[in-house]
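# Observations on the three-dimensional arrangement
The chain contents come next:
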Amino acid sequence: MFSDNKALFTHQLLQWNETQNHRPLPWKGIKNPYFIWLSEIILQQTRVEQGLPYYLKFTEKYPTISDLANAPEDEIMKMWEGLGYYSRARNLHAAAKYVADELNGNFPETYEEIKKLKGVGDYTAAAIASFAYNLPYAVVDGNVYRVLSRFFGIETPIDSTEGKKQFTILAQELIDKKKPAIYNQAIMDFGARHCTPAKPLCLFCNMQANCVAFQTGNTDKLPIKSKKKKKKTRYFNYIILENSENEIAVNKRLGKDIWLNLYEFILLETEKEITLKEIRAKAKEILQINTEQLEIVASYKQLLTHQKIISKFAYIKINELVNNKNFNFIKKEAIKQLAFPKSLKQFIDNSDIF
DNA sequence: AAATCGGGGAC
DNA sequence: GTCCCAGATTT
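Residues numbered from 1 in each chain as written. Chains lettered and ligands numbered in written order. Predicted model: local features only at pLDDT ≥ 70, side-chain atom pairs only at ≥ 80, totals over all residues. Heavy atoms only, no water.

Neighbouring DNA strand C are 25 residues, the closest being Trp27, Gly119, Gly121, Thr124 and Arg146. Take the atoms of DNA strand C that sit within 4 Å of the protein: sugar and phosphate atoms are 60% of them. At a separation of 3.5 Å, a phosphate oxygen of DNA strand C approaches a polar backbone atom of Asp122. Counting residues per element, the ones that place at least two in the surface near DNA strand C are helix 2 (33-43), helix 8 (122-133), helix 9 (142-152) and helix 11 (180-193). (Near = heavy atom within 4 Å. Polar contact = N/O pair within 3.5 Å; in protein donor to acceptor, adjacent residues only side chain to side chain. Helix = DSSP H or I, 4+ residues; strand = E, 2+ residues; numbered from the N terminus.)

Pasting the structure below:
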């Protein structure tokens, strides 16, 4: 019946989709390219459960791409607060302005034009093209790498240039060109719910007889990744400086580092962990104030993909105003309007200073 | 080709 | 602790 195992794969995947796939999500089946784009950006490297509330928030506050384009950057960053990978939010805003201003609010309708949007790469362009316009571009995301590497027994590292090329070509051969949207949705749902990274449901899988990984007992070895990630440890010592007007010193993070365009307190970054005494001395030098009353009020660790951040928070209230153009003093009540990195937001929410 | 960009959940 | 998630961009 099938000339090769590729046609068999597509057939059995769609069969699984029709009989076993039950995963209702608000962006499934819709055709509004703006909402689809928004959902795809939010879901980049993000679990559906984590991204879902953000999608609902964004679509309610910004019903059209022009609403998003006209919003202030800080407001969008605040909306994105806690979701991580903040360049997505910055690119989202830039792309919205591009569509609103340069394209008269008309979302691009071809793969090539869609990919010109900032923050839209191969995967996202294929997703939008297929879901919104039913164009035959196969998505290749983490789910697809896993499903295809297992079913076809492909051992090429998925994080290599060769692997990316090989899987992209294969995925494009497999897609059902008569129903690209359904196929793309199906393979990702299958990877997320059935052919999972750990403990895949092979015993209940309608594809097990043709799955190379299952037949050879290599399910837990595929897909193969070659690169390993190294973490560096950084020490962030934050000074929460409150002046006589109940204002707190904050800065917007600039330059080439994590958390670009988010806010933070006065930061003293050090090569190693330092004591309260040392924090007081450094703060005194920088701020030119008496820091004897400076006290550590919290400290904790945060793990990022490539960094481990060990934070200390030290608080001091002084009975004067500080004339220092390096800091912005913001009323306490207004602090919670600004977008902070997750660890700082947690501190703010849990501290009785605010 | 390799490094970097967050945060959370499963194990 | 490790791995990975509807990846993209920069170096």
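Next, the rest of the story.
On to the protein's contact with DNA strand B, then. What surrounds DNA strand B is a group of 21 residues, the closest being Thr161, Ile258, Gln302, Thr305 and Lys342. Gln50 places a polar side-chain atom, nitrogen or oxygen, 3.5 Å from a base nitrogen of DNA strand B. In this structure, a phosphate oxygen belonging to DNA strand B sits 2.8 Å away from a main-chain N or O atom of Trp259. Grouping the constituent residues of the surface near DNA strand B by class yields 7 nonpolar, 10 polar and 4 charged. (Nonpolar A, V, L, I, M, F, W, Y, C, P; charged D, E, K, R; others polar.)

Counted residue by residue, strand 2 (residues 247-252) has 5 buried out of 6 residues, so it is predominantly covered. The pairing of strand 2 with strand 3 (residues 263-264) spans 2 bridges and is antiparallel. In the strand pairing of strand 3, Asn251 is matched with Glu264. (Buried < 20%, exposed > 50% of the residue type's maximum accessible area, 1.4 Å probe, protein only. Pairing = 2+ DSSP bridges.)

Closest axis-to-axis distance for the helix 5 (residues 73-80)/helix 6 (residues 87-102) pair is 10 Å, and the angle between their directions is 135°. Considering their axes alone, helix 5 and helix 6 lie oblique with respect to each other. Helix 5 and helix 6 meet at a crossing whose hand is right-handed. Note on element contacts: helix 6 touches helix 5 through Arg88, Ala89, Arg90, Leu92 and His93, opposite Glu73, Ile76, Met77 and Trp80. Of the residues assigned to the contact of helix 5 with helix 6, the class counts are 5 nonpolar, 1 polar and 3 charged. (Axes fitted to C-alpha atoms, helices over the stretch in contact; angles between N-to-C directions. Parallel < 35°, antiparallel > 145°, perpendicular 65-115°, else oblique. Left-handed = near helix turned anticlockwise from the far one by under 90°. Contact = heavy atoms within 4.5 Å.)

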